[in-house]
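# Chain and residue survey
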Amino acid sequence: MKYAFLVAGVLALGIGAVSAQQDIVKDRQAQMKATGRALGGTLSAMAKGDKPYDQAAVDAAFATLTETATKLPALFADSTKGLKEGTEYSTSPKVWDDKAGFAAHVADFSKAVSETKGKVKDLDSLKANVGAIGKQCGSCHETYRLKS
């Protein structure tokens, strides 16, 4: 009887661990989508003139980008390597195989966000500075994201 409870407990822990890993993947996907909306749907759209400049929306977009920069390392936990992701894009194994390179990209993204955030006060300063963040996103995607 004790053995049955032990086996059931071990199985429950294993299922819980898999569930936690899937939650990290879901959180990663949600954060990346939020980042895309903040950068592409808000900041870049304003810089291109597709949307009118709105400082409150700019501030909200930078809050999302700052959150992403903070969360990125935890969103790519070792335990999530190789797990099924979205249908359009997935994470390259290079994230885990080249931890130093990925960490450098995360640091560069974080720096670009913090430096740009402090410079954007109007449409002209947005146009002049938003490209630095887009460049960091793009360079990381080229190396660490796969098209499914």
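Predicted model, so just to flag it, every value in this text is computed and none were measured.

## Structural notes on the side chain of Thr-35
Here Thr-35 shows up in helix H1 (residues 2–48). Judged by relative accessible area, Thr-35 falls into the buried class, the value being 7%. Within the local environment of Thr-35, its side chain forms a polar contact with the backbone oxygen of Gln-31, the two atoms lying 2.8 Å apart.

## A short note on helix H5 (residues 123–144)
Counting along an α-helix, one turn takes 3.6 residues, and residues three or four places apart therefore face a common direction. Helix length check: H5 (22 residues) gives 31 Å between terminal C-alpha atoms against 32 Å at 1.5 Å per residue, within 8%. The sharpest bend along H5 measures roughly 35° and falls at Asn-129. Within the span of H5, buried status applies to Ser-125, Leu-126, Asn-129, Val-130, Ile-133, Gln-136, Cys-137, Cys-140 and Tyr-144. A side-chain oxygen of the first residue of H5 lies 3.3 Å from the backbone nitrogen of Asp-124; this N-cap is Asp-122.

## A few points about the nonpolar core
In this structure, Leu-43, Phe-62, Leu-65, Phe-109 and Ile-133 are the most contacted members of the largest nonpolar core, which totals 27 residues. Elements with a minimum of two residues in this core: H1, helix H2 (55–75), helix H3 (94–97), helix H4 (99–119) and H5. Among the elements that make up this core, the one with the highest residue count is H2 (7 residues). Filtering out sequence-adjacent residues up to four positions away, Leu-65 remains in contact with Thr-35, Ala-38, Leu-39, Leu-43, Phe-109, Val-113 and Ile-133.

Reading the values: rules and limits
- Residues numbered from 1 in each chain as written.
- Predicted model: local features only at pLDDT ≥ 70, side-chain atom pairs only at ≥ 80, totals over all residues.
- Heavy atoms only, no water.
- Helix = DSSP H or I, 4+ residues; strand = E, 2+ residues; numbered from the N terminus.
- Buried < 20%, exposed > 50% of the residue type's maximum accessible area, 1.4 Å probe, protein only.
- Polar contact = N/O pair within 3.5 Å; in protein donor to acceptor, adjacent residues only side chain to side chain.
- Expected span 1.5 Å × (residues − 1).
- Bend = angle between axes of the 7 residues up to and from the residue.
- Core = buried A, V, L, I, M, F, W, Y, C linked by side-chain atoms within 4.5 Å.
- Contact = heavy atoms within 4.5 Å.

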